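Residues per chain are reported as follows:
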Amino acid sequence: MPSAPLARRRQTLALDLAPRVSIQRSNRQAERRRLKLTQLTNTLAELLGSERADHRRGQSLAEASMAAAALVATAEGDVTFAERALIDQAIDALSELGAMSTQDAAALFNEFVDGIRANSSQGRRPALDALAGIEGVADAATIVLRIVEAVAGADGSASAAEITAVQDIAAALNAAAS
C-alpha cells in the first residue's frame, strides 16, 4: 500500500497532466482541421485553375458551394465553430480564385443558413436549386462534394444527418460521393 505522501503526489501528478492531455487533444484536432483546410484549398486551386476566366461559372460554383455547405452545416441544427472555420477557409479559397468576394460568399452562406433555420423544407429548396447551376459539370461537382465532405467531418467525424445531407447533395449533382 503506498504511503500517504506518495498517493498525494500521484493524485497531484494526475491532476497536473489532465489539462495537458486535453490541450494535446485539442491541438491534434486543430491540426487535422488545418490539414483538411489545406487540402481543400489545394483542391480548389487545382480544379478551378482553368476556370478562372469564366466568372459566371465561378460564381455558380461559389453559390453552389455555399448552398451545399449550408445544407450540411445545418444538418444537425446549429453551425459549429469548426464548420464555420472550414467554410471560411473555403470562402477565402473561392475568393482568391476570383469566384466571388469573401463578403458576398459569407452573406450568401448566412442567407442559406437563415432560410433553412426559418423553415427547413422551404429553406432547403433555394439551396438545392443553387446546385442546379453546376449540375453535370464534373470539376465543379467534385469541388462542391469535397467542400461538403470536409464540412461534414469538421467536428472530427460526420454524423448520420451530415452523411445523409452529403448523399442528397451528391444525388442532386448527379455525381457519386467519394
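So, on to the overall build of the protein. The helix and strand inventory of the protein stands at seven helices and zero strands. Reading the secondary structure of the protein in the N-to-C direction produces α-α-α-α-α-α-α. Out of the 178 residues belonging to the protein, those deemed buried represent 37%. Here the analysis covers contacts within the protein between residues at least 6 apart in sequence; of these, 78% occur between residues at least 24 apart. Surface accessibility of the protein: about 9800 Å² in total, with carbon and sulfur atoms responsible for 51%.

The nonpolar side chains of a soluble globular protein tend to be buried with one another. Met66, Phe109, Val144 and Ile169 are the most contacted members of the largest nonpolar core, which totals 46 residues. Those elements giving two or more residues to this core turn out to be helix H2 (55–73), helix H3 (81–96), helix H4 (102–118), helix H5 (120–131), helix H6 (138–152) and helix H7 (160–172). Sort the elements by how many residues they give to this core and H2 lands first, with eleven residues. Not counting residues up to four positions away in its chain, the partners in contact with valine 144 are Leu61, Ala64, Ser65, Ala68, Leu131, Ile134, Ile169 and Leu173.

Locating isoleucine 87 in the fold gives a position in helix H3. C-alpha of isoleucine 87 to C-alpha of alanine 69: the two residues are 18 residues apart in sequence and 7.1 Å apart in space.

For H5, spanning twelve residues, the distance from its first C-alpha to its last is 17 Å, which sits close to the expected 16 Å at 1.5 Å a residue. Buried within H5 are the following residues: Gly123, Ala127, Ala130 and Leu131. One face of H5 carries all of its buried residues, which in axial projection span an arc of 110°. Facing away from the buried side of H5, by more than 90 degrees, are the exposed residues Ser121 and Gln122.

Further remarks concern the pattern of salt bridges. For the structure shown, the criterion picks out two salt bridges. A salt bridge links aspartate 168 to arginine 124; its shortest N-O distance comes to 3.8 Å. With aspartate 168 in helix H7 and arginine 124 in helix H5, this pair connects stretches of sequence that are 44 residues apart. For aspartate 168, a relative accessible area of 35% gives the class partly exposed. Residue class for arginine 124 comes out partly exposed when judged on its relative accessible area of 25%.

Conventions and cut-offs
Residue numbers restart at each chain and count upward from 1, following the sequence in its written direction. A pLDDT threshold of at least 70 governs which residues receive local features in this predicted model, and a stricter bar of 80 or more applies before side-chain atom pairs are shown or counted, although totals over entire chains, interfaces and linings include all residues. Hydrogens and water molecules were not included; the side-chain quantities draw on all heavy atoms of the structure. In DSSP terms, a helix is any run of H or I states spanning at least four residues, a strand is any run of E spanning at least two, and both are numbered starting from the N terminus. Exposure categories follow from relative accessible area, calculated using a 1.4 Å probe and restricted to protein chains: below 20% of the type maximum is buried, above 50% is exposed, and the middle band is partly exposed. The contact definition used throughout considers only heavy atoms, calling two residues in contact when any of these lie within 4.5 Å. Using a 1.4 Å probe, the Shrake-Rupley method yields the accessible areas, and only the shown protein chains count as cover for residues. Definition of nonpolar core: a set of buried residues of the types Ala, Val, Leu, Ile, Met, Phe, Trp, Tyr and Cys, connected through side-chain atoms within 4.5 Å. By definition here, a helix of n residues has an expected span of 1.5 Å times n minus one. Here, the arc refers to the directions that run from the helix axis to the C-beta atoms. We define a salt bridge as a contact between a side-chain nitrogen of Lys or Arg and a carboxyl oxygen of Asp or Glu at a distance within 4 Å.

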